[in-house]
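Okay, here's what each chain looks like letter by letter:
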2 protein chains.
Amino acid sequence: MPIVVTVTWEEGRACIRDRMQTVIRSRPAETVSLLEADGRVLAEDVPADRDYPAAARSVRDGFAVRSTDLPGTLKIVGEVRAGTKFDAAIGPGESVEIMTGAPVPAGADQIVMVEHAQRVNGGFSTGRPANMGEFINPQASEARAGETILATGKRLGFADIAWLATVGRSEASVYPLPRVAILATGDEIVDLAEVPLDTQIRNSNAYSLAVQVRRAGGIPEILPVAPDEIDETRRLIQRGLQSDLLLLSGGVSAGKYDLVEQVLADLGAEFFFDRVRVQPGQPLVFGKAQGTFFFGLPGNPASTMVTFEVFAQLALCLLGGEPHPALPLSFARLTQDFAHKPGLTRFLPAVLNCGDITPVAWKGSSDVPSIVKANAFLVADAARETWAAGDMIGVLPK
Amino acid sequence: MPIVVTVTWEEGRACIRDRMQTVIRSRPAETVSLLEADGRVLAEDVPADRDYPAAARSVRDGFAVRSTDLPGTLKIVGEVRAGTKFDAAIGPGESVEIMTGAPVPAGADQIVMVEHAQRVNGGFSTGRPANMGEFINPQASEARAGETILATGKRLGFADIAWLATVGRSEASVYPLPRVAILATGDEIVDLAEVPLDTQIRNSNAYSLAVQVRRAGGIPEILPVAPDEIDETRRLIQRGLQSDLLLLSGGVSAGKYDLVEQVLADLGAEFFFDRVRVQPGQPLVFGKAQGTFFFGLPGNPASTMVTFEVFAQLALCLLGGEPHPALPLSFARLTQDFAHKPGLTRFLPAVLNCGDITPVAWKGSSDVPSIVKANAFLVADAARETWAAGDMIGVLPK
């Protein structure tokens with residue numbers, strides 16, 4: 001059995017990062033179509049195919065002018081709209097009517113917004129002062145031809161897909177999705193289709209984990225429930241270790257019927273930590289056996305959900321090819337006083353509404369209905385005891 | 001042409017909510033499997049099938065005792081683990097060894113954690129004081145049989161899927177996904193496969209919008225680019241109005257070549273607002289034509305992305321059957337001083353890292369590379385001008 005190594009959530013994440021650093025990027029890439037690339041991790045660098053913008057552009061509807069002519073009355077010698085070009089150069093006292101996105105004519109170095117111009121016969125007058133470059137987006141100001149905008153390891157979202165489209169890419173090279181085996185353990189767990197006795201519960205953890213795995217960019221495989229029996233548990237764990245990552249739920253607390261750690265130890269597992277200063281979720285095991293990383297997540301549903309989000313999700317992102325996945329922690333304003341017992345970082349169900357956060361009453365780590373009512377986790381710092389209404393407190397999206 | 005109605009982002013969202021309230025929930029539901037229900041909106045109420053927990057459970061490994069016997073030395077008369085039951089009642093001076101999740105034997109009203117017990121011959125001693133109910137989860141404390149835990153209109157996530165599994169549901173009734181037509185407009189926009197002239201750009205907005213639509217629970221359909229020509233623009237808009245929602249990009253600023261509002265007006269459109277006090281994104285139209293709601297999003301890529309997230313995403317959630325979708329606004333701590341010109345709420349690209357936020361340098365509404373570098377939008381309040389390093393500022397996930 002492993003020596004007990006207790007870590008804070010930050011230490012736990014650092015440990016996962018350090019141990020898994022070597023496994024990322026060793027996997028062959030695959031090519032997918034542009035829209036299918038959403039949420040995938042890029043396996044190539046994507047450069048700008050030309051300067052962006054390709055030529056200086058107006059960012060307003062109005063008039064392209066020589067700034068030295070301002071303020072004053074100018075003659076309109078032509079017009080240019082997005083997609084077209086004004087071929088001549090403008091001279092002193094001249095202007096060209098210009099639309100947003102249109103290339104700035106030669107000679108012009110400022111745009112006067114249409115809202116700041118009064119039309120006069122054959123021209124316009126304005127009180128705007130000279131301000132060279134105003135409302136002009138210079139050539140290559142956003143990206144220079146050849147510059148890498150999207151680099152290997154980027155998890156693609158809507159802006160990245162827009163960039164791929166911008167540079168003319170209809171497909172992208174991405175890392176394969178990691179396969180994740182999910183193994184719930186314990187005699188008290190029955191299959192979804194069964195009617196549980198009062199002493200039993202249905203296997204809900206496997207399904208929430210499957211959803212969490214998918215959302216984190218993995219392909220879940222739910223294994224049959226492992227009973228509290230050593231041979232069958234060993235057989236199922238060995239099967240799970242064929243995947244890229246194994247998630248066990250249950251079987252990792254101090255109870256004498258918790259066989260999982262024993263089976264893992266028998267299989268030659270290394271244990272990197274086996275307790276985290278986090279609630280829900282204290283008994284959490286991270287290790288490696290037969291070349292595959294695994295987590296022993298606590299069996300209570302809330303603990304399973306939270307430890308996945310804070311720890312296992314990071315491992316999955318690393319396996320997926322993201323070199324620096326971050327936890328999307330931010331802050332929200334408490335609508336009421338809040339207190340907890342310091343020493344553990346708590347991730348508790350809460351409702352986030354326009355920057356305000358309200359804790360949801362909850363009955364402990366098995367209380368799924370409370371988490372259903374929440375849309376976020378409030379993150380209570382292990383070093384602080386009390387917060388007053390109006391104070392900022394940590395928040396993690398659910 | 002519409003009268004100019006300018007709104008703040010809060011007013012704009014309230015307007016969308018008010019106008020669309022009547023259209024939600026009028027659509028027939030469909031049944032999907034449990035894992036496919038992730039991200040979908042529930043079209044039924046899901047009650048607890050029994051009490052949760054079904055019987056009082058221990059939330060620790062330890063000993064079930066009568067609290068009146070504490071502190072003291074107790075005899076161990078049996079054991080009970082999760083999934084089993086201790087059939088007798090315990091008497092004075094007796095205890096039962098109990099595992100996390102196991103039902104509490106009759107007579108017992110407190111659990112002593114194994115860490116707080118010293119084993120003695122045939123029993124254990126503890127210094128723990130009486131604390132009735134400690135480490136016991138009472139029957140029905142999380143949910144009572146028949147109580148609705150998941151209600152119609154809930155967008156399902158991992159905890160909801162866990163709850164469906166808990167109550168034995170292998171499928172769920174959900175609202176259909178709204179179909180969203182996406183129409184980019186403007187002569188300067190060329191197809192992805194073409195090589196644009198210096199005066200042109202590829203159609204990137206349609207692809208970022210398609211990803212945003214999918215992430216918001218819609219089915220995108222990208223229409224061909226509408227040129228600056230009235231008949232073809234009308235034909236494509238009419239086609240788009242056959243969907244549940246039409247998203248136009250470009251063609252809604254003050255420029256004289258912006259035909260889109262004219263065509264919409266000719267089609268009998270009502271316009272509810274056509275300008276928002278938001279940057280990027282000021283020219284934004286929300287209306288309804290031929291029974292279908294539409295947005296005229298600004299053509300610049302950053303404006304399109306931001307106005308989708310802040311406004312169109314809400315409409316899509318409402319169409320999807322969610323009665324009260326919320327913008328996931330929170331706060332983060334600025335790593336540097338920040339200032340903007342008050343009057344507009346700004347949603348600017350930024351990097352969020354463990355609660356700290358750093359603005360990304362950007363060149364204006366066409367600057368996709370800046371948004372690629374960001375993982376969040378900083379939200380600068382329209383009523384405030386300056387923030388110091390260390391101040392909290394609004395943040396919206398990207």
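First things first, this report covers the structure right here in the doc. (Residues numbered from 1 in each chain as written. Chains lettered and ligands numbered in written order. Predicted model: local features only at pLDDT ≥ 70, side-chain atom pairs only at ≥ 80, totals over all residues. Heavy atoms only, no water.)

## Digging into the overall build of chain A
Moving on, step 1. Scanning chain A for helices and strands turns up seven helices and 30 strands.
Moving on, step 2. A compact globule built from 398 residues would reach a C-alpha radius of gyration of about 21 Å, whereas chain A, at 29 Å, exceeds it by more than 25%.
Moving on, step 3. Its C-alpha atoms give chain A principal-axis dimensions of about 95 × 50 × 40 Å.
Moving on, step 4. For chain A, the residues scored as buried account for 57% of the 398 residues in total.
Moving on, step 5. For chain A, the share of sequence-separated contacts (at least 6 apart) that also reach a separation of at least 24 residues comes to 69%.
Moving on, step 6. Here chain A displays about 15000 Å² of accessible surface, and carbon together with sulfur accounts for 49% of that area.
Moving on, step 7. In chain A, the 37 positive side-chain charges and the 47 negative ones have mean positions that sit 2 Å from each other. (Helix = DSSP H or I, 4+ residues; strand = E, 2+ residues; numbered from the N terminus. Rg over C-alpha atoms; globule rule 2.2 N^0.38 Å. Buried < 20%, exposed > 50% of the residue type's maximum accessible area, 1.4 Å probe, protein only. Contact = heavy atoms within 4.5 Å. Areas by Shrake-Rupley, 256 points an atom, 1.4 Å probe, with all protein chains shown as cover. Lys, Arg positive; Asp, Glu negative; His and termini not counted. Charge placed at Lys NZ, Arg CZ, Asp CG, Glu CD.)

## Here we look at the relation of the copies chain B and chain A
Moving on, step 1. Take chain B, turn it by 180°, move it 0.0 Å along the axis, and it overlays chain A with an RMSD of 0.0 Å. Taken together, these values place the two copies in the relation of a two-fold axis. Across chain B, the rotation axis passes nearest the C-alpha of Phe331 of chain B, at a separation of 2.4 Å.
Moving on, step 2. When the interface residues of chain B are mapped onto chain A, 100% of them again lie at the interface, so the same face is used by both copies. (Least-squares fit on C-alpha atoms with pLDDT ≥ 70 in both.)

## Overview of the interface of chain B and chain A
Moving on, step 1. In this complex, chain B contributes 99 residues to the contact, which on the side of chain A involves 99 residues.
Moving on, step 2. Carbon and sulfur atoms make up 60% of the surface buried where chain B meets chain A, a total of about 7900 Å² over both sides.
Moving on, step 3. For the chain B face of the interface with chain A, the top three residues by lost area are Phe158, Phe331 and Val372 of chain B, together amounting to 10%.
Moving on, step 4. On the surface where chain B and chain A come into contact, there are ten salt bridges.
Moving on, step 5. Salt-bridge contacts for Arg81 of chain B lead to Asp228 of chain A; the nearest nitrogen and oxygen are separated by 3.2 Å.
Moving on, step 6. Here chain B and chain A share 37 residue pairs in polar contact (both at pLDDT 80 or more) between them. (Buried area = accessible area lost by both parts, 1.4 Å probe. Salt bridge = Lys/Arg side-chain N within 4 Å of Asp/Glu carboxyl O. Polar contact = N/O pair within 3.5 Å; in protein donor to acceptor, adjacent residues only side chain to side chain.)

## Section: the packing of helix H1 (residues 9–20) of chain B against helix H6 (residues 301–319) of chain B
Axis angle and axis distance: for two packed helices, these are the angle between their axes and the distance between the axes, and together they describe the pair.
All names here are of chain B.
Moving on, step 1. Following both chains from N to C, one finds H1 and H6 inclined at 20°, their axes separated by 10 Å at the closest point. As far as their axial angle goes, H6 and H1 are roughly parallel. Where H1 crosses over H6, the two elements pack in a sense that is right-handed. Residue-level contacts link Trp9, Gly12, Arg13, Ile16, Arg17 and Met20 of H1 to Val310, Phe311, Leu314, Ala315, Leu318 and Leu319 of H6.
Moving on, step 2. Looking at the contact of H1 with H6 residue by residue, the class counts come to nine nonpolar, one polar and two charged. (Axes fitted to C-alpha atoms, helices over the stretch in contact; angles between N-to-C directions. Parallel < 35°, antiparallel > 145°, perpendicular 65-115°, else oblique. Left-handed = near helix turned anticlockwise from the far one by under 90°. Nonpolar A, V, L, I, M, F, W, Y, C, P; charged D, E, K, R; others polar.)

## Let's talk about the pairing of strand S30 (residues 392–397) of chain B
Residue and element names in this part refer to chain B.
Moving on, step 1. The pairing of strand S24 (residues 330–334) with S30 spans four bridges and is antiparallel. Bridged to Phe331 within S30 is Gly394.
Moving on, step 2. Where strand S28 (residues 376–380) lies against S30, four bridges are found, and the strand directions are antiparallel. Counterpart to Val379 in the pairing with S30 is Gly394. (Pairing = 2+ DSSP bridges.)

## Points about the sheet that holds strand S8 (residues 110–113) of chain B
Residues and elements named next belong to chain B.
Moving on, step 1. The strand order S8-S5-S7-S6-S10-S9 describes an open sheet built from six strands, whose pairing is mixed. This sheet does not close on itself; its edge strands, each paired only once, are S8 and strand S9 (118–120). This sheet shows a mean twist of 40° between the axes of neighbouring strands, independent of strand direction.
Moving on, step 2. As defined by bridge partners, strand S6 (residues 72–80) adjoins strand S10 (residues 123–126) across four bridges and the pair is classed as antiparallel.

## Quick notes on the pattern of salt bridges
Note that side chains of opposite charge can pair when their charged atoms are close.
Moving on, step 1. Per the stated rule, a full pass over the model turns up 36 salt bridges over all chains.
Moving on, step 2. In this structure, Arg81 of chain B engages Asp187 of chain A in a salt bridge whose closest nitrogen and oxygen atoms are separated by 2.8 Å. Here Arg81 of chain B, found in the loop between S6 and strand S7 (94–98), pairs with Asp187 of chain A, found in the loop between strand S14 (179–184) and strand S15 (189–190), and the two come from separate chains.
Moving on, step 3. Here the residues in one salt-bridge network are Arg81 of chain A together with Asp187 and Asp228 of chain B, joined through shared partners.

## Considering the packing of helix H3 (residues 205–215) of chain A against helix H2 (residues 158–166) of chain B
Moving on, step 1. Following both chains from N to C, one finds H3 of chain A and H2 of chain B inclined at 155°, their axes separated by 7 Å at the closest point. It follows from the interaxial angle that H3 of chain A and H2 of chain B lie roughly antiparallel. At the point where H3 of chain A passes H2 of chain B, the crossing takes the right-handed sense. Every residue of H2 of chain B that contacts H3 of chain A at Tyr207, Ser208, Val211 and Gln212 of chain A is listed here: Phe158, Ile161, Ala162 and Ala165 of chain B.
Moving on, step 2. Its residues placed into classes, the contact of H3 of chain A with H2 of chain B shows six nonpolar, two polar and no charged.

## Side note on the sheet that holds strand S23 (residues 292–297) of chain A
In any sheet, the strands associate via hydrogen bonds between backbone groups, in a parallel or an antiparallel arrangement.
Residues and elements named next belong to chain A.
Moving on, step 1. Taking strand neighbours across the sheet as the criterion, the six strands line up as S17-S14-S18-S23-S22-S19 in an open arrangement whose pairing is mixed. Each edge of the sheet is formed by a strand with only one pairing partner; in this case those strands are strand S17 (219–222) and strand S19 (270–273). Each adjacent strand pair in this sheet contributes to an overall mean axis angle of 25°, direction not counted.
Moving on, step 2. Across the sheet, helix H4 (residues 230–240) lies against S14, S17 and strand S18 (245–249), angled at about 145° from S18, the strand it touches most.

## What to know about the packing of aromatic side chains
Two measures describe an aromatic ring pair: the distance that separates the ring centres and the angle between the ring planes.
Moving on, step 1. For the structure shown, the criterion picks out 22 aromatic pairs over all chains.
Moving on, step 2. Site record: aromatic cluster; members linked through ring pairs are Phe272, Phe273, Phe286, Phe293, Phe295 and Phe311 of chain A. (Phe/Tyr/Trp six-rings, centres within 6.5 Å; stacked < 30°, edge-to-face > 60°.)

## Overview of the side chain of Ser303 of chain A
Residues and elements named next belong to chain A.
Moving on, step 1. As for its position among the elements, Ser303 is in helix H6 (residues 301–319).
Moving on, step 2. According to the relative accessible area criterion, Ser303 is buried, its value standing at 4%.
Moving on, step 3. If sequence neighbours within four positions are ignored, Ser303 has contacts with Pro280, Gly281, Pro298 and Ser365.

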